[in-house]
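The residues making up each chain are set out below.
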Amino acid sequence: MATIYIDNQPYVVKDGQNLLRACLSLGFNLPYFCWHPAMNSVGACRQCAVKQFKDEKDTKGRIVMACMTLAADGTRISIDDPEVRRFRAGVIEFLMVNHPHDCPVCDEGGECHLQDMTVMTGHNYRRFRFRKRTHRNQELGPLVNHEMNRCIACYRCLRFYRDYAGGRDFDVFQWHNYVYFGRQSDGVLENEFSGNLVEVCPTGVFTDKTLKGHYTRKWDLQTAPSICVHCGLGCNTIPGERYGILRRIRNRYHREVNGYFLCDRGRYGYEFVNSPRRIRQPIFRSERSGAAQPVEKQAALEQAAKILGSGERVIGIGSSRASLEANFALRTLVGADRFYRGLAEAECRLLDTAIALLRDGPAPAASMSDAAQSDAVLVLGEDLTNTAPMLAYSVRQSTLQREIGLTKRLHVSWWDDAAIRQALQERRGPLYIATPAATKLDDVATEVYRAAPDDLVRFAQALAHALGAEIPPVSALPRKLAALADVVAEALYLARRPVVVCGTSSGSESLLRAAGNVAWALSAAEHRGQLCLVLPDCNSFGLGLLGGGSLADACRAIQEGKAETVVVLENDLSRHADQAALKLLDEVRHLVALDYLEHATTAAAELVFPAATFAEANGTLVNNEGRAQRSYQVFVPQGKTQASWRWLQEMMVAVGRQAEASWRSFDEITAALAEALPIFAAVKDIAPPEGFRMAGQRVPRQPHRYSGRTAMHAQADVHEPTPLADPDSPLSFSMEGSQRQPPPPLVPRFWAPGWNSMQAITRFQEEVNGPLRGGDSGRRLIEPQPDAAIRYFSDLPAEFEPRPDEWLLVPVDHIFGSEELSALSPGIAQLTPAPYLALSASDAAGANIQEGEKVVLAMDGLHQALPVRFLPSLPRGVAGLPVGLPGMMHVTLPGWAKLSKVTAS
Amino acid sequence: MSQPQLGPPPTCQSPEHTCGVSVVHEIIERYGGNPEMLIPMMQDIQAAEGYLPREHLRTLGRELGVPLSRIYGVATFYAAFRLQPKGKHTITLCMGTVCYLKGADQISAVIQDEFQVKPGGTSPDRKFTFAPVNCLGACALAPVMVVDGEYFGGLSASSAVDILQKIASSKKPSEAVAKADAKQKTAAQKNGRGSQNP
Ligand code: SF4
Ligand code: SF4
Ligand code: FES
Ligand code: FES
């Protein structure tokens, strides 16, 4: 610890940090631009100037940049000194010379770091009377808007995009008055994290283009803490609503999970909530194939009672994108042994394998922050950028860790970003990627290995063997590959915090087990191997813990006549079941569905209930590390929409089973869940109960500057309506309430006096980059068994052999398109590729297939014609099939398929 | 030197070669394909072509594995690089404080209008490249412009146009420009660009 003196007051701060970070951690208002908590210092903007004194006697002092000065023991500085205050105001005045002062029409207005800093420095009178330089803006695609005139040249965007996110199509152009940040020419920003520019840029140069379509100021947005539903990582978010329309998603800092950033799927996937395809009213079809008739809530429930009243022949199909509470309510309705998970058999097996690895072995689950801080990462079978985007971001950061450690002897401070990058040049620490095809992370990988899934397993097992796992060596491994396995084993062994990343998207259980072997062998050698397993959906983990059969099991029950009524919860079964299963499900006597959007399953259902989305109901989701996190309702939905668990509870009441479904509020259902299934015991404690109050008040969802409360509903009534009650949480649907900082799970937005932008975050953290005050939110539901005897897996498939007339199809994921809900949001839909089949150019040439040519894919009795796209990195005999894209059929991958050319008729 | 306009630079217009692939390859070979020698390679391309044709830069980026954005970043940072072919004559018009007060902005407007040339750009007939700068250090002559190295002071809007029209109709190619291009081998520097706008 170091003692520093700020304006003659002593403060104790952590060793080794810079003065700006120390001052912000202590709660001082010190302006800055080029510094960012996740990107450290470059000393470019000169805004964070303070005056430093040699000792008590020094009265003259000299101006230094706080972000570039070590907060060493005994450092004496002044923030308040009049000369340094003038200096800071002068810096702003210079920046303002070219700034257009167009706050009223700027999307950043009201949450602008430049506005905040200008006010903070006290520069409030404009003396510059001349012309300002102007720029031409670029068209950067459907997600990010560009307005270059507002730039103050802090370089944050470039540093984020290029140095942190790994983007290659963005740079700074020209010089002095004319510096320009953008692409080499107009075009869609290629990087999957481009949306963070919106929050990283301290001005309105980069703003959210989807928000522009329904613009609302930050102070007019109703917000609540939420969890992203577009992959299994559980990034924390802040959705904002006004007039019943969800308007945007912002990052909600979580130290262990997503830090300061989100991926573009998570940020821009929200618009499905406003989709015209939303189901807003219960629907009844008297004939299964007949027209849908909207019915009143009561009539729908009566109809449900009639169908469900028939008793034990009802089965329930849950969903990996529905909350724990919704799945639990369904399970209660149908009974534990009649609850099915709504996943294909293979999906269930993969999920169970993944959870078992984290539960039964010694290796703990790695959070995203663990992955980012790891000094050696091995990725097995996952194209992270497309299956778990923010994890790809974390792994990219990990490649600096070892090298930063090595720069210590250069006497470069860890926070001196420019110096660190200068010292590192292109050197990146150990990252090994073994996947079927190229991934976007390959550019920072030490070495990549591309092979069919079975060969990946063999490689991983060889690696595990080299690390000492008690499994037999892999014979007949090509010599080069065996050498690579040794190299990787050594790198992992020598690392302080090695992380093994694998997941379910490769479709190979053996690969998961082999990944487990590697991590366990590291743990056995006391090397704290961590395991980071990617799961497909926002609540895959939760559903996995809840248990239940697969869709195939459900079909069997139907076939055996054990089920004639099926209740489907928030699940488009065509995404998980093959044609035969779908047909069977279509033909059951009664099909009841609950969901937010129309899809194949709701179209086939006789009764459909409008379910609330993540933004319209509370829910608990368990992310890929097993962390249960609470997501809160942001606004009250239109029409008859309500949380699925409420519909299910009302159905139970309608059939006279109120005793079993006595839960009336969210707290009651989580308590029931915790009681029924001990594994979920912690779920009721992850956030304060409904009765929680701060100084007797609720936490307001609306900011204290929320405007137009009376005007908003004036067309109906000039009197201000009573705020809607929230029986489910301590949050309120109004602006009244406590303005103090609530416990982390309840933080509805980041704002502090003088800090209107996202940079207010430092006021909510215990210290810069520390946990939010009150600790990290969410709780892990399973813990590893450090002392259990390790039972290694000995899966060893035979070497992959290309077949002469068949191709091994492996899944290809797309950040934009592979996930069901985000793909329905217009911005994401624009970036979604059309279905295709990927072949390597040489394989295609061998089969005499041209790029763009259509081929018919035949697999498991399925036929689909698809245009061919070349993916040069695919191994011989392997083809790639994009998964989940709109218009693609469900197939279990990997699997063998025949291809035939479409003959023009 | 002028500020080049961002946005798509013109495609290769050189009649002698097809997109310079061979020119670029030869230059890359000259430096052993080392991406760290990006700037010298770009200088050589400019020496060969008189400017940096877009297709050449694409080829260069592809071959070296350097993102195009980085190459444009370099090309637009150093005033010695040109993304557009240069006109036969270069007009350097001072927009510094003194010249500005004496009406340089009207002169600029008239030149732009008369020759259909934007600041930093080249006229459609490739006669003039127009480069407004800040203070030529000849304030006593204000407002002042330099055409192919020759100073013209005490201008008015109409006298400036007269001078330029006369130069345009004369046959003699600008020797100063040709010479300067041939000598483009010196390391690009960002110095000597005049003072900043007041
Ligand atoms: S665009 Fe924004 S982030 Fe980038 S340099 Fe300008 S002000 Fe900074
Ligand atoms: S990484 Fe996953 S959880 Fe995080 S923002 Fe993206 S889609 Fe959402
Ligand atoms: S924040 Fe310190 S110089 Fe920019
Ligand atoms: S201002 Fe024009 S030459 Fe100095």
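Parameters and conventions
- Residues numbered from 1 in each chain as written.
- Chains lettered and ligands numbered in written order.
- Predicted model: local features only at pLDDT ≥ 70, side-chain atom pairs only at ≥ 80, totals over all residues.
- Helix = DSSP H or I, 4+ residues; strand = E, 2+ residues; numbered from the N terminus.
- Buried ≥ 20, exposed ≤ 12 C-beta atoms within 10 Å, placed from the backbone.
- Contact = placed C-beta atoms within 7 Å.
- Pairing = 2+ DSSP bridges.
- Axes fitted to C-alpha atoms, helices over the stretch in contact; angles between N-to-C directions.
- Domains from an automatic or database assignment.
- Parallel < 35°, antiparallel > 145°, perpendicular 65-115°, else oblique.
- Nonpolar A, V, L, I, M, F, W, Y, C, P; charged D, E, K, R; others polar.
- Left-handed = near helix turned anticlockwise from the far one by under 90°.
- Near = placed C-beta within 6 Å.
- Expected span 1.5 Å × (residues − 1).
- Arc of directions from axis to C-beta.

Caption draft 1: The overall build of chain A, seen in detail. In terms of helices and strands, chain A carries 25 helices and 36 strands. In terms of its C-alpha atoms, chain A occupies a principal-axis envelope of roughly 90 × 80 × 60 Å. Scored against the burial criterion, the 905 residues of chain A give a buried share of 56%.

Caption draft 2: How the structure looks around the overall build of chain B. Assigned secondary structure in chain B consists of eight helices and four strands. Starting at the N terminus, the α and β elements of chain B follow one another as α-α-α-α-β-α-α-β-β-β-α-α. The burial tally for chain B puts 35% of its 198 residues in the buried class. The long-range fraction of contacts in chain B, counting pairs at least 24 apart against all pairs at least 6 apart in sequence, stands at 70%.

Caption draft 3: Main features of the sheet that holds strand β14 (residues 283-284) of chain A. All names here are of chain A. Across the sheet, which stays open at both edges, the seven strands sit in the order β15-β14-β25-β24-β23-β16-β17 with mixed pairing between neighbours. Where the open sheet ends on each side, the last strands, each with one partner, are β15 (293-294) and β17 (339-340). Helix α8 (residues 297-308) rests against β14, β16 (314-317), β23 (565-569), β24 (590-595) and β25 (607-610) of the sheet, and its axis sits at about 130° to β25.

Caption draft 4: Broad picture of the domain arrangement of chain B. When cut into domains, chain B gives domain 1 (21-77) and domain 2 (89-180). A C-alpha centroid distance of 31 Å is found between domain 1 of chain B and domain 2 of chain B.

Caption draft 5: Spatial organisation of the packing of helix α13 (residues 389-407) of chain A against helix α14 (residues 417-424) of chain A. Residues and elements named next belong to chain A. Closest axis-to-axis distance for the α13/α14 pair is 10 Å, and the angle between their directions is 95°. The angle between the axes of α13 and α14 places the two elements in the roughly perpendicular class. The residues of α14 that touch α13, namely those facing Leu-400, Glu-403, Ile-404 and Thr-407, are Ile-420, Ala-423 and Leu-424. Across the contact of α13 with α14, the residue classes break down as five nonpolar, one polar and one charged.

Caption draft 6: Spotlight on the packing of helix α15 (residues 453-466) of chain A against helix α17 (residues 509-524) of chain A. All names here are of chain A. Packing of α15 against α17 leaves a shortest axis separation of 9 Å and a crossing angle of 15°. The orientation of α15 with respect to α17, classified from their angle, is roughly parallel. Note on packing geometry: the crossing formed by α15 with α17 is left-handed. Residues Pro-453, Leu-456, Val-457, Ala-460, Gln-461, Leu-463 and Ala-464 of α15 form the contact with α17, whose own contacting residues are Ser-510, Leu-511, Ala-514, Ala-515, Asn-517, Val-518 and Ala-521. Split by residue class, the contact of α15 with α17 holds eleven nonpolar, three polar and no charged.

Caption draft 7: A look at the site of ligand 2. Close contacts around ligand 2 come from 14 residues, with Cys228(A), Cys231(A), Cys235(A), Cys263(A) and Gly266(A) the closest. Those elements that place two or more of their residues in the shell around ligand 2 are α7 (264-268) and α13 of chain A.

Caption draft 8: How the structure looks around the environment of Leu400(A). Within the element layout of this structure, Leu400(A) appears in helix α13. Not counting residues within four places of it along the chain, the set of residues in contact with Leu400(A) comprises Leu424(A), Arg428(A) and Gly429(A).

Caption draft 9: Seen up close, the pairing of strand β2 (residues 128-133) of chain B. All names here are of chain B. Counted residue by residue, β2 has six buried out of six residues, so it is predominantly covered. Burial along β2 is two-sided: Phe-128, Phe-130 and Pro-132 facing one way and Thr-129, Ala-131 and Val-133 facing the other are all buried. Pairing of strand β1 (residues 89-94) with β2 involves six bridges; the strand directions are parallel. In the strand pairing of β2, Thr-90 is matched with Thr-129.

Caption draft 10: The environment of Ala557(A), seen in detail. All names here are of chain A. Assignment of secondary structure puts Ala-557 in helix α19 (residues 551-559). Each C-alpha atom of the pair Ala-557 and Arg-313 lies 9.6 Å from the other, and the pair is 244 residues apart in sequence. Here Ala-557 is in contact with Ile-315, Lys-562 and Ala-563, once residues within four sequence places are set aside.

Caption draft 11: A look at the sheet that holds strand β19 (residues 431-435) of chain A. Residue and element names in this part refer to chain A. Taken in spatial order, the five strands of this open sheet run β20-β19-β18-β21-β22, and their pairing is parallel. Strand pairing shows two members of the sheet lacking a second neighbour, β20 (447-450) and β22 (530-534), which therefore form its edges. The average angle at which neighbouring strand axes cross in this sheet is 15°, direction not considered. The pairing of β19 with β20 spans four bridges and is classified as parallel. Bridging from a neighbouring strand, Tyr-432 pairs with Glu-447 of β20. Along the sheet, helix α16 (residues 479-494) contacts β18 (376-380), β19, β20 and β21 (498-503); its crossing angle with β18, the most-contacted strand, is approximately 135°.

Caption draft 12: A look at the pairing of strand β33 (residues 854-859) of chain A. All names here are of chain A. Burial along β33 is one-sided: the face carrying Val-855, Leu-857 and Met-859 is buried and the face carrying Lys-854, Val-856 and Ala-858 is not. Here β33 pairs with strand β34 (residues 862-870) via six bridges, running antiparallel. Within the sheet, the bridge partner assigned to Lys-854 lies in β34 and is Pro-867. Direction of pairing for β33 relative to strand β36 (residues 895-901): antiparallel, over a ladder of four bridges. Along β36, the bridge assignment pairs Val-855 with Lys-901.

Caption draft 13: How the structure looks around the site of ligand 1. Around ligand 1 sit Cys151(A), Ile152(A), Ala153(A), Cys154(A), Tyr155(A), Arg156(A), Cys157(A), Phe181(A), Cys201(A), Pro202(A), Thr203(A) and Val205(A), and that is every residue in its neighbourhood. Of the residues contributing to the shell around ligand 1, the split by class is ten nonpolar, one polar and one charged.

Caption draft 14: Layout of helix α2 (residues 82-98) of chain A. Residues and elements named next belong to chain A. For α2, which comprises 17 residues, the first-to-last C-alpha distance of 26 Å matches the rise-based estimate of 24 Å (1.5 Å per residue) to within 8%. Inspection of α2 places Val-84, Arg-88, Val-91, Ile-92, Leu-95 and Asn-98 among the buried residues, and these make up the whole buried set. Here the buried residues of α2 occupy an arc of 135° about the axis, which is enough to place them on one side. Among the exposed residues of α2, those oriented more than 90 degrees off its buried face are Pro-82 and Glu-83. Structurally, α2 contributes buried residues whose contacts are with β3 (49-53), β4 (62-65), β5 (76-78) and α3 (113-121).

Caption draft 15: Geometry of the domain arrangement of chain A. Domain boundaries assigned for chain A yield domain 1 (2-80), domain 2 (365-516) and domain 3 (807-901). Placing the centre of domain 1 of chain A and that of domain 3 of chain A at their C-alpha centroids yields a distance of 55 Å.

Caption draft 16: Region of interest: helix α4 (residues 156-164) of chain A. All names here are of chain A. Along α4, eight of the nine residues are buried, which leaves the element largely enclosed by surrounding structure. All buried positions along α4 are accounted for by Arg-156, Cys-157, Leu-158, Arg-159, Phe-160, Tyr-161, Arg-162 and Tyr-164. On its buried face, α4 is in contact with β7 (171-173), β8 (180-182), α5 (197-200) and β9 (206-208). Two residues or fewer past α4, Gly-166 is found with a positive phi of approximately 80°.

Caption draft 17: Representation of unusual backbone geometry in the model. Geometrically, the link from Leu893(A) to Pro894(A) is a cis peptide bond, its omega value of -5° lying close to zero. Among the secondary structure elements, Pro894(A) is positioned in the loop between β35 (878-882) and β36. Cis peptide bonds are those with omega within 30 degrees of zero, and the linkage from Ala142(B) to Pro143(B) qualifies with -10°. Within the secondary structure, Pro143(B) is located in the loop between β2 and β3 (145-147). A positive phi is found at His101(A), a non-glycine position, where the angle reads about 55°.

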